[in-house]
Amino acid sequence: MPESDTTFLDSVADTLAVLPGVHAVTLGGSRGLGTNTPDSDWDLAVYYREGFLPDHLRAVGWSGEVSDFGAWGGGVFNGGALLEISGRKVDIHYRDLAVVERELEEAAQGRFHWEPLMFHLAGIPSYLLLAELASNRQLRGERLPQPTFPDALRASASTMWRGNAALTLSYAEDGYAARGQLAEVAGALVTAAMQTAHAVLAERGEWVTNEKRLLGRAGLRDIDQIIGSLTPDRESLRAAIRSARDLLQQDAR
């Protein structure tokens, strides 16, 4: 008889919780939120202090790849493992509690930074760590904070993301549309839409952990029609950028 999801999760959480240096284990992603399908991956995180090493996770012997620290961008998203356990796909993220505590203090003052990260078209804000704390389900260990979105961060994040979107569109207009470069314009429109969506969610005080549903949450799915209408004609590209600018500025008016 196949192992139940509950038994599986308890077993994995128990194993992670006793690794050296691990202070807490959480379940995130769609399964943490309860919006998963039967085929959804399992996204877990180990919150650690000094003493935890990737080799401790490797020594468990689960099938898959365990990265070194810094392998997944080298910033706040500092590595993890892509595993198969009991026939299930499991992602395990490393979360340094010292970094988490620093970002909590920074966010309270409205300070954060932006980082590039694979599979995130607009990159990520360092307050993503706080978004995870607010949305993940804690399974084991010492009680973790569940932060609300600081007012100071609402203002600073909105300003930065909207500024980035404006610069992205301006560069697309001057650097790409003028040359009839459709692919580059399309990429810039998507990036600017994602940047604006981050701004919209920040203004609402809503946390963002990834980009999968970001445009829909921000009410910006109309960017699809604009991108779908693109042709290599230079004036058509300029018109598409103007339409995108109008769409993305609606919430700022």
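Residues numbered from 1 in each chain as written. Predicted model: local features only at pLDDT ≥ 70, side-chain atom pairs only at ≥ 80, totals over all residues. Heavy atoms only, no water.

(A) The arrangement of the environment of Val-66 in detail. Tracing the backbone through its elements, the reader meets Val-66 in strand S3 (residues 63–66). In sequence terms Val-66 and Ala-199 are 133 residues apart; their C-alpha atoms lie 34 Å from each other. If sequence neighbours within four positions are ignored, Val-66 has contacts with Pro-54, Leu-57, Arg-58, Gly-80, Ala-81, Leu-83 and Tyr-94. (Helix = DSSP H or I, 4+ residues; strand = E, 2+ residues; numbered from the N terminus. Contact = heavy atoms within 4.5 Å.)

(B) Here's a closer look at the packing of helix H7 (residues 182–204) against helix H10 (residues 234–249). For the pair H7 and H10, interaxial distance at closest approach is 11 Å and the crossing angle is 5 degrees. Taken together, H7 and H10 sit at an angle that is classed as roughly parallel. The segment H7 lies against H10, with Leu-182, Val-185, Leu-189, Ala-192, Ala-193 and Thr-196 engaging Leu-237, Ala-240, Ile-241, Ala-244 and Leu-248. (Axes fitted to C-alpha atoms, helices over the stretch in contact; angles between N-to-C directions. Parallel < 35°, antiparallel > 145°, perpendicular 65-115°, else oblique.)

(C) Structural detail: the side chain of Asp-43. Here Asp-43 is to be found in strand S2 (residues 42–48). Comment: no salt bridge for buried Asp-43; closest opposite-charge side chain is Lys-212, at 5.9 Å. Among residues more than four places away in sequence, those in contact with Asp-43 are Thr-26, Leu-27, Gly-28, Gly-29 and Asp-91. (Buried < 20%, exposed > 50% of the residue type's maximum accessible area, 1.4 Å probe, protein only. Lys, Arg positive; Asp, Glu negative; His and termini not counted. Salt bridge = Lys/Arg side-chain N within 4 Å of Asp/Glu carboxyl O.)

These results come straight from atomic positions and should not be treated as a statement about function.
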